[in-house]
Amino acid sequence: MAKSDGFFGLRRGSTKSLTFAVNGGMQITKDRVTDVRNPRTEAQMLQRMCLATAGKFYSEGKEIFDHS
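Here's what I pulled together on the structure shown here. (Residues numbered from 1 in each chain as written. Predicted model: local features only at pLDDT ≥ 70, side-chain atom pairs only at ≥ 80, totals over all residues. Heavy atoms only, no water.)

### With respect to the pairing of strand E4 (residues 26–31)
So, point 1. One ladder, built from six bridges, connects strand E3 (residues 18–23) with E4; its direction is antiparallel. If you follow Asn23 over to E4, its bridge partner there is Met26.
So, point 2. The hairpin formed by E3 and E4 contains two residues between the paired strands, and Gly24 there has a positive phi angle of roughly 65°. (Pairing = 2+ DSSP bridges. Helix = DSSP H or I, 4+ residues; strand = E, 2+ residues; numbered from the N terminus.)

### Digging into the pairing of E3
So, point 1. Of the strand pairs in this sheet, strand E2 (residues 13–14) and E3 are connected by two bridges, and their pairing is antiparallel. Its bridge partner lying in E3, Ser14 is registered against Thr19.
So, point 2. Counting the residues in the hairpin turn of E2 and E3 gives three residues.

### Focus: the packing of aromatic side chains
So, point 1. Taken as a whole and assessed by the stated rule, the structure comprises two aromatic pairs.
So, point 2. Here Phe57 and Phe65 contribute two aromatic rings whose centre-to-centre distance is 5.6 Å and whose plane-to-plane angle is 45°, an arrangement assigned as tilted.
So, point 3. Feature note: the residues Phe57, Tyr58 and Phe65 constitute an aromatic cluster, connected by ring pairs. (Phe/Tyr/Trp six-rings, centres within 6.5 Å; stacked < 30°, edge-to-face > 60°.)

### Some words on the environment of Met26
So, point 1. Mapping Met26 onto the fold places it in strand E4.
So, point 2. With 16 residues separating them along the chain, Met26 and Leu10 place their C-alpha atoms 7.6 Å apart.

### Section: the side chain of Gln27
So, point 1. Looking at the element boundaries, Gln27 is found in strand E4.
So, point 2. Under the relative-accessibility criterion, Gln27 is labelled buried at 1%. (Buried < 20%, exposed > 50% of the residue type's maximum accessible area, 1.4 Å probe, protein only.)

See below:
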């Protein structure tokens, strides 16, 4: 990632290999991400499983929980 003063002004978007963004009035130039990882550790999978179960439990008992 690099902060740059562009010849063409502030740009947004991407080319084949670069992504341009503006943050706080500064031009930010980044390499395009080609290899995205989503590691699935045991802790992450447990957290996702518990959250899904809690969400299902809430949606099934919404009338009771939102009763007040």
